[in-house]
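Here are the chains, one letter per residue:
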Amino acid sequence: MFPISCFQRLRSSIGLGTNVARSRFLKQHALTFARQQSSNAPSKSPRSWSPIIIGSIASGLIGYSLSAFGKPSLTSQVLEEAEPKYGTPKDFEQAIKELRALFGSDDVVSTHPEDLRIHGFSENDYHPSAPHTVIVYPKSTEDVVKIVKTAVKYRMPVTPFSGGTCLEGSFRGSPIGGICVDMSGMNKIIEIHEADSDLVCQPGVGWMEINEMLQQKGIPLFFPLDPGPGATIGGMMSTGCSGTNAVRYGTAKGEWFLNATVVLPSGEVIKTRQRARKSSAGFDTTKLFIGAEGTLGIITEVTIRLAPVLPTTVAVVNFPDVKRATEAVIDVINRGVGIQCVELCDSELMRSINLYGASQRKYPEQDSLFFKFQGPTPASIAETAKIVKEIVQKHGGTGFELARSEKEARDLWADRKNALFSSLALLEGSRGWSTDVCVPISKLPQLVLETKKDLERLGLVSTLVGHVGDGNFHTCLLFRNDKELEIVREAVHIMVERAIKLEGTCTGEHGVGIGKREYLCEELGEGTVELMRSVKRTIDPLGLFNPGKLYPDKIDKKSKH
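First, a word on what this report is: a plain description of the structure on this page. The numbering scheme is per chain: residues are counted from 1 as the chain's sequence reads. With the structure being a predicted model, the display of local features is reserved for residues of pLDDT at least 70 and the display and counting of side-chain atom pairs for 80 or more, all residues being used for whole-chain, interface and lining totals. Working from all heavy atoms in the structure, the side-chain values ignore hydrogens and water.

A closer look at the pairing of strand S10 (residues 298–305)
Only protein chains enter the area calculation, which uses a 1.4 Å probe; residues under 20% of their type maximum are buried, those over 50% are exposed, and those in between are partly exposed. Helix and strand assignments follow DSSP, with helices taken as H or I runs no shorter than four residues and strands as E runs no shorter than two, numbered in order from the N terminus. For S10, a buried count of six out of eight residues is recorded, marking the element as mostly surrounded by other parts of the structure. Strand pairing is assigned whenever DSSP identifies at least 2 bridges connecting the two strands. Pairing of strand S6 (residues 198–201) with S10 involves four bridges; the strand directions are antiparallel. What sits directly across from valine 200, in S10, is threonine 303. Two strands pair when backbone bridges link them, and strand S8 (residues 257–263) and S10 are joined in this way by six bridges, in the antiparallel orientation.

Comments concerning the side chain of asparagine 318
With respect to the helices, strands and loops of the structure, asparagine 318 is situated in strand S12 (residues 312–319). Throughout this description, a polar contact denotes any pair of N or O atoms lying within 3.5 Å of each other; where both atoms belong to protein, one of them has to be capable of donating a hydrogen while the other can accept it, and for residues adjacent in sequence the pair is counted only when both atoms sit in side chains. Within the local environment of asparagine 318, its side chain forms a polar contact with the side chain of serine 368, the two groups lying 3.1 Å apart. Should any heavy atoms of two residues lie within 4.5 Å, those residues are considered in contact. Leave out the neighbours within four places in its chain, and asparagine 318 touches Pro364, Gln366, Asp367, Ser368, Gly396, Gly397, Thr398 and Gly399.

Here we look at helix H20 (residues 526–539)
Multiplying 1.5 Å by the helix residue count minus one yields the expected span of that helix. End to end, H20 covers 20 Å across 14 residues, agreeing with the expected 20 Å (1.5 Å per residue, within 8%). Taken together, the buried positions of H20 are Val529, Glu530, Arg533, Ser534, Lys536, Arg537, Thr538 and Ile539.

Overview of unusual backbone geometry
The phi dihedral of glutamate 503 falls on the positive side, at around 65°, and the residue is not glycine. In this structure, glutamate 503 sits in the loop between helix H18 (482–501) and helix H19 (520–524). A positive phi angle, close to 70°, is found at leucine 550, a residue other than glycine. With respect to the helices and strands, the residue leucine 550 is situated in the segment after H20.

Points about the packing of helix H17 (residues 444–457) against H18
Only the stretch in contact is used when fitting a helix axis, every axis being a line fitted to C-alpha atoms; angles between N-to-C directions are given from 0 to 180 degrees. At a closest axis distance of 10 Å, the pairing of H17 and H18 adopts a crossing angle of 160°. Taken together, the axes of H17 and H18 lie roughly antiparallel to each other. Our pair here, H17 against H18, has a crossing hand that is right-handed. Of H18, the residues touching H17 (which contributes Leu447, Glu450, Thr451, Asp454, Leu455 and Arg457) are Ala491, Ile494, Met495, Arg498 and Ala499. Lys, Arg, Asp and Glu make up the charged group, whereas Ala, Val, Leu, Ile, Met, Phe, Trp, Tyr, Cys and Pro make up the nonpolar group; the residues left over, Gly among them, are polar. Tallied by class, residues from the contact of H17 with H18 come to six nonpolar, one polar and four charged. Convention used here: angles under 35 degrees read as roughly parallel, angles over 145 as roughly antiparallel, angles from 65 to 115 as roughly perpendicular, and any remaining angle as oblique. The hand of a helix crossing depends on one turn: near helix anticlockwise from the far one by less than a right angle means left-handed, and clockwise means right-handed.

Some words on the pattern of salt bridges
Take a side-chain nitrogen of Lys or Arg and a carboxyl oxygen of Asp or Glu: if they are within 4 Å of each other, that pair is a salt bridge. By the definition in use, this model includes 31 salt bridges. Across the pair lysine 407 and aspartate 411 runs a salt bridge whose closest N-O atoms are separated by 2.8 Å. You can see lysine 407 and its partner aspartate 411 sitting in helix H15 (residues 406–417), four residues apart, about one turn around the helix. Relative accessible area serves as the criterion here: at 51%, lysine 407 is assigned to the exposed category. With a relative accessible area of 29%, aspartate 411 lands in the partly exposed category. The shortest N-O distance in the salt bridge between aspartate 454 and arginine 457 comes to 3.6 Å. With aspartate 454 and arginine 457 both in helix H17, this residue pair falls three residues apart, about one helical turn. When its relative accessible area of 12% is taken as the criterion, aspartate 454 is described as buried. On the basis of relative accessibility, which here comes to 56%, the residue arginine 457 falls in the exposed class. Members of the salt-bridge network, linked through shared partners, are Arg361, Glu401, Arg404 and Glu408.

Don't take any of this as a statement about function, it's just geometry.
This is the structure we're talking about:
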């Protein structure tokens, strides 16, 4: 059902007769367009339903755009795919004045140069930077509605900002400026339902903060998605993230986000579903916003699923090469034993851990696997460790070492989690470009081996770490100057192209942003990408929400690497 206010606005903006006539015209236009498209495509059946289906969808999308915004001109944007038209600098100045009047505090609305720089730039990536015009710090859903309605009035781009840990430029400003909505002040945990294993929170709270709070309260539950430190729930949902626990618990695109409250580009507020653990009531609108990177709406409240905390321990084992290490992982996963995490660290990363000096031990500088075993009892964990040890030895694994205490397990795992900082120790004065790809797990040995050969051929110093249990791996490519940075860009392009050819993805868990959007058509196909664009145009016909992210430009026929 559409919100009643949509229809009220529609009635007030246009007369009934005009509305009916326009509706008929638009439906006819949409059906004609659909028939033309259908006639150009081969059909497997003498009677194709494509024109009717496409026409019905187009009519529905058009109707939503009219009801949500009440402006006939927006409909023509949907049909003709016109470029968004933004406000002038004077419009933006007036919008800032209005925002200050609405919130009445400089703590909420900021145009300080350093504030603008921090929100439009990242130390974590090397994509083009663009400052925002103003930063606004909402405290509630109602605050976000005020911001969005002001943005619509003055045609200002709107970019949500959460933890600021994204590696693909998702929170960069628009080249013309706009409003950055910093959600860090919306960081409350609203409700904990221990009996239901779920929790309601605002988007600015971090996953680490949630797990620490649950532990302090003695609640034996945790949120298992574990991307980088500093990541927040809103950003995690928006980028479709995951982490080391994905081999056991899956990703953000699983069932970990039960529902979301979202402010749409029209200023309407929706809640995607109720709190029940499962529902077959229509299609899953929650997932519409997972991975949308703030281009369809601003998330203001989320219900997340929690998992029981189980005992764990950690083991490490060395291999002659990454190929045999990844083949061992495939066998381990297929045995169905209690694995929470399995991480591949190549020989260069193991060398960097020794150089970095934070570890209490010196590791053999060989390609290695770090396992985190999980089970309800010590006996079950011991049995898992025994089975895994037997499997890895068949693949040439040596030096299998199981932690003898909880402290030793924490120390071993900390060495793995320090991968980025350790990597920088390999090349003095260097910076690191971190990127990831993901392929079907059976294709991972080939991808890892060929990637390492490419990096050696290009003369790059690099480390490789992989969440190999689900076919995902990361490289940290080191460089010291602009010339080496260009070689790094070339290496990223080669790695992405190879992953896609192996039926994989250009981004396993970092999102798309501006860094990976040029690969989407190659990976997903033009039809799928056009469907994504159609959804975007329907929900955000003015093109105000996080423009320039996620969706490839029409002119992107080939990578510009």
